[in-house]
Amino acid sequence: MTSTTISPDNTGIFSAMGPSYGLPWLQQRRAEAAEVFERIGLPPVTHEDWRLTNTAQISKINFSAPGTGTPLTPEQLGGLCLKKLGAQQMVFVDGKFSSELSSLGGKVEVLTIQKGMEKLGDRVQRFLGREMPGQSNGFSAMNLAGFEDGAFIYLPPDQGEVGLVHLLWITASHDQPVVVQPRNLLIIGSNNHITLVQSYASFSSQPTLCNAVTEMVVGKGAKVELIKLQRERDTAFHIANEAIHVHEHADVQSLVVNTGGHLVRNNMTVHLAEPFAQATLNGLTLAAGDQHIDNHTMLDHARENCPSHELYKNLLGGRASAVFRGKILVRPDAQKTDSKQTSKTILLSDDAVMNSQPQLEIYADDVKCTHGSTTGPLDDEQLFYLRSRGVAAADAGALLTYAFARDVLLRIWHTGMREYLEDFVAAELHRLHLDQAKS
Amino acid sequence: MAFVEINNLQAAVGGKPILKGIDLTINPGEVHAIMGPNGSGKSTLSSVLAGRETYTVTGGSVLFDGKDLLDLSPEERACEGLFMAFQYPVEIPGVTTSYFLMAAVNAIRKHHGQEELDAMDFLKMVKEKMALLEMDKTFLNRSVNE
C-alpha cells in the first residue's frame, strides 16, 4: 500500500513514542504501533474507507508537539464546564491533565492513564489497545505509539447509578500548528448505570490536530450513555477512533454531536459480543463554511438477539460537506438480530454536499435489518403548514431546522445533558447561520 | 359587505389549468360546504385561498374582508383569520404542540399589534382551554400532528 507523502518533520512527530513509565509491555506496544505507522502512514485517499475524506491536508501542515503553554483559568472554561450538572470533571489541556481545572470527587474513581498504570497496572495492560488496536489504521497506530496521557475509568460491578463523568480535552492557543492525542480507556463493570461525556474544544487560530482514541467495555447488564461533543474551532483537524465492546444484556447509547472543526472524522465501532446486548448510535452534525464532517459507524452483531438502532442527522449550509457510512455486520451466529439504521440530511444551501452510504453485510438468515437515507432541502409541506398558522417564513425555517436537530437530542437519557445540548445546539445553529437559511 | 368574494378565479399547477373561473360570495355568518367529484378542484380552491405556492393563480380575484387576498403571504392570510384545515396534516417531529401553538398565537397577536404572551401566560391560557375541551395534558408535549 502506498501512503500519502508526508513532510519529513511530520513523520517524526507522527510516529514519535510517548512515555512508557518504565513498563516493558507498554514500551513494546508503542514500538509496534510506531512501526505500523511508519509502514502505512496516514490513510491515503485511494483507501476505500477514506476516499471521501482526504487526510493529505494534514500531512502538508508542519505540526509539532505543544510546549507548556499559559495555563487556562477556570473562567476560560465557561460553557465547556459541566460542574453545574453535578459532573465529575477531568480536564486535559494540550494533552496534559490539569488538576486545577478538574474536580474528580464523586462516586466514580476517575484516574489518568498514568495514575492507572501505578494503581491498576494489570487492568490497563489487559485493556489498552484491545478494542482499538494500533493496526486498525494510521491514526490509531499513531495514537497508540504517541499518546501522552488520558482518562482511565475502572468501575467495579454493582455500583448502580453513579451519575455523570465529563472528560474535557482542550487544545489551547498556540502560535504554531500543534498535535494532541487524547486516549480514554473506560471499563464499566456489570450492572452499573453511568453517563460519560467527552468534549473536545480548541482555542487556537493556528491549525490543530486532535487524534483521539476512546476504548470502552460495557459489562453485563450495565447501562451506559456516551456523549461526545466535538466543538473545536474551524482551524481544527479532528480524528477519532472509538470502539465499544458490549456484554450480555448491557445497553449502550452513544451520541456524537459535531459543530466544529475544519475536517472531522469519527470512526465508531460497536461490538455486540454477547446475546441481548443493545446499542443505539445517534449523531448530529451541524456544518457550514468549508467544514467537512465524516461519520463512519460499524455495528458488529456477533451473537443472537441483539437489537441495534442508528440515527445520524446532518444540517449542512455554505459549502460544507458531510459523510455518513454505516456498516452493519451480522455474523452467522447473530440470529434474531433487529437492526435499524437511518440517516437524514437537510441541505440548506446549493453548495452543501452529503454522501450517505449504508453498508449491510448479513450472514445469518433469521434477522431484521432496515436502513433508510434521505437528503434534501427543508420540507415544503412542513414550511407551508407552519406559515398557514401564521408563523413567518423565516421563523418557520428556523423552527424546522431546530426541530430537525432536537429530534436527536430528545433521545438523550440524561435530563441535564439533554437540556444543556438543546441550548448549545440552538446557539450553534445561530453561530453557523443555519437558522437563517432559506429553504 | 361580503366577507369572501371570489371572482372568476383561475389557477394552474405545473402549467395545467385546474380552476377555470370560480365565482363565490360568502356573507358573514354563513356556512358553506363545497361538494364535487374527485378532481373537480375542491382541494385546489382551498389551497389557493390558503396561499400554497405550488399553485399559480392565472386569473380572477379574491377579496377577503375587503382586502386583496391574493396579495398576501400565507402567514399574512392566517393572521387575518383565513387558514386551511389539512386533510392529512404533516407531522413535524421535534416541535412540541405547545411550542407550535405559542409561535402561532404570538405571530397573530403581533400582527394585530397586541403584546406577545410569555411562556407562563401562554401555558396558563392553553391549560384553561384544554380543561374546557377535556383534553389530555400530554398532548402539549407531543410533536405537532404526531
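The shown structure was predicted, so the numbers you read here are calculated from the model rather than taken from an experiment.

This part takes up the sheet that holds strand S14 (residues 278–287) of chain A. Within a sheet, adjacent strands bond to each other through the backbone by hydrogen bonds, running parallel or antiparallel. All names here are of chain A. Strand order in the open sheet formed by 10 strands is S2-S1-S5-S8-S10-S12-S14-S16-S18-S20, with mixed pairing between adjacent strands. Where the open sheet ends on each side, the last strands, each with one partner, are strand S2 (96–103) and strand S20 (368–376). Averaged over all pairs of adjacent strands, the angle between their axes in this sheet comes to 10 degrees, without regard to strand direction. Sheet topology places strand S1 (residues 88–93) next to S2; four bridges connect them, and they run antiparallel. Within the sheet, the bridge partner assigned to Val-93 lies in S2 and is Lys-96.

Turning next to the interface of chain B and chain A. You'll often see interface size given as the accessible area lost when the parts meet. Each partner contributes residues to the interface: chain B has 29 residues there, and chain A has 18 residues. Summed over both partners, the interface of chain B with chain A buries about 2000 Å², with 66% contributed by carbon and sulfur atoms. On the chain B side of the interface with chain A, the three residues burying the most area are Glu-75, Phe-86 and Phe-100 of chain B, jointly 25% of the side's total. Counting across the interface, chain B meets chain A through three salt bridges. One can count eight residue pairs in polar contact (both at pLDDT 80 or more) joining chain B with chain A. Secondary-structure elements contributing two or more residues to the side of chain B that touches chain A are helix H2 (74–80), strand S5 (92–96) and helix H3 (97–111) of chain B. Residue contributions to the side of chain B that touches chain A peak at six residues, all from H3 of chain B. Partitioned by chemical class, the residues of the side of chain B that touches chain A number 20 nonpolar, five polar and four charged.

A separate point is the packing of helix H2 (residues 24–40) of chain A against helix H5 (residues 113–127) of chain A. Residues and elements named next belong to chain A. Look at H2 against H5: their axes get within 11 Å of each other, and the N-to-C directions meet at 55 degrees. It follows from the interaxial angle that H2 and H5 lie oblique. Note that H2 runs across H5; the crossing there is left-handed. Here H2 contributes Trp-25, Leu-26 and Arg-29 to the contact with H5, which in turn contributes Met-117, Gly-121, Val-124 and Gln-125. Partitioned by chemical class, the residues of the contact of H2 with H5 number four nonpolar, two polar and one charged.

A word on a negative patch on the surface. There is a patch of like negative charges on the surface, built from Glu-115, Glu-116, Asp-118 and Asp-121 of chain B. Considering the arrangement of structural elements, one finds Glu-115 of chain B in the loop between H3 and helix H4 (119–132).

Quick look at the domain arrangement of chain B now. Split by domain assignment, chain B resolves into domain 1 (4–80) and domain 2 (92–144). On a C-alpha basis, the centroid separation for the pair domain 1 of chain B and domain 2 of chain B is 28 Å.

Moving on: H2 of chain A. Residues and elements named next belong to chain A. Taking 1.5 Å of rise per residue, the 17 residues of H2 would be expected to cover 24 Å, and the 24 Å separating its terminal C-alpha atoms lies within 8% of that figure. Buried residues of H2: Trp-25, Leu-26, Arg-30, Ala-33, Ala-34, Val-36 and Phe-37, and no others. Once H2 ends, the next one or two residues include Gly-41, with phi positive near 60 degrees.

Glancing now at the pattern of salt bridges. All names here are of chain A. Counted under the stated rule, the structure contains 24 salt bridges over all chains. Ionic pairing is found between Glu-428 and Arg-431, a salt bridge with its closest N-O pair at 2.9 Å. Of this pair, Glu-428 and Arg-431 both sit in helix H9 (residues 415–431), three residues apart, which is roughly one turn of that helix. Look at Glu-428 and you get buried, because its relative accessible area is 10%. When its relative accessible area of 45% is taken as the criterion, Arg-431 is described as partly exposed.

We now examine a nonpolar patch on the surface. Residues and elements named next belong to chain B. A surface patch of nonpolar side chains, about 440 Å² in accessible area, is lined by Leu-132, Leu-133, Met-135 and Phe-139. Mapped onto the elements, Phe-139 comes out in the loop between H4 and strand S6 (143–144). For Phe-139, a relative accessible area of 33% gives the class partly exposed.

Within the element layout of this structure, Ser-321 of chain A appears in strand S17 (residues 321–330). Residues in contact with Ser-321 of chain A, not counting those within four places in the same chain, are Gln-291, His-292, Ile-293, Leu-316 and Val-353 of chain A.

Relative to the assigned elements, Lys-110 of chain B resides in helix H3. Distance in space between the C-alpha atoms of Lys-110 of chain B and Cys-79 of chain B is 9.0 Å, their sequence separation being 31 residues.

Among the nonpolar cores identified, the biggest contains 52 residues, and Ile-153, Ile-194, Leu-196, Met-216, Ile-244 and Val-270 of chain A are the most heavily contacted of them. Once residues within four sequence positions are removed from consideration, Leu-196 of chain A is found in contact with Ile-153, Val-165, Leu-186, Ile-188, Met-216, Val-224, Glu-225, Leu-226 and Ile-227 of chain A. The next biggest cluster of nonpolar side chains, apart from the first, holds 46 residues, and it includes Leu-378, Leu-400 and Leu-434 of chain A together with Met-84 of chain B.

Okay, the packing of aromatic side chains next. All chains considered together, the criterion is met by 10 aromatic pairs over all chains. Between Phe-92 of chain A and Trp-169 of chain A, the ring centres sit 3.9 Å apart and the planes meet at 5 degrees, which makes this aromatic pair stacked. Of this pair, Phe-92 of chain A sits in strand S1 while Trp-169 of chain A sits in strand S5 (residues 160–171), and the two are 77 residues apart along the sequence. Each of the two residues, Phe-92 of chain A as well as Trp-169 of chain A, counts as buried. A network of ring pairs unites the aromatic residues Phe-384 and Tyr-385 of chain A together with Phe-86 and Phe-100 of chain B as a single cluster.

What counts, and at which threshold
Residues numbered from 1 in each chain as written. Chains lettered and ligands numbered in written order. Predicted model: local features only at pLDDT ≥ 70, side-chain atom pairs only at ≥ 80, totals over all residues. Heavy atoms only, no water. Pairing = 2+ DSSP bridges. Helix = DSSP H or I, 4+ residues; strand = E, 2+ residues; numbered from the N terminus. Axes fitted to C-alpha atoms, helices over the stretch in contact; angles between N-to-C directions. Contact = heavy atoms within 4.5 Å. Buried area = accessible area lost by both parts, 1.4 Å probe. Salt bridge = Lys/Arg side-chain N within 4 Å of Asp/Glu carboxyl O. Polar contact = N/O pair within 3.5 Å; in protein donor to acceptor, adjacent residues only side chain to side chain. Nonpolar A, V, L, I, M, F, W, Y, C, P; charged D, E, K, R; others polar. Parallel < 35°, antiparallel > 145°, perpendicular 65-115°, else oblique. Left-handed = near helix turned anticlockwise from the far one by under 90°. Patch = residues over 30% accessible without salt bridge, like charges linked within 9 Å, V, L, I, M, F, W, Y side chains within 5 Å. Areas by Shrake-Rupley, 256 points an atom, 1.4 Å probe, with all protein chains shown as cover. Lys, Arg positive; Asp, Glu negative; His and termini not counted. Charge placed at Lys NZ, Arg CZ, Asp CG, Glu CD. Domains from an automatic or database assignment. Expected span 1.5 Å × (residues − 1). Buried < 20%, exposed > 50% of the residue type's maximum accessible area, 1.4 Å probe, protein only. Core = buried A, V, L, I, M, F, W, Y, C linked by side-chain atoms within 4.5 Å. Phe/Tyr/Trp six-rings, centres within 6.5 Å; stacked < 30°, edge-to-face > 60°.

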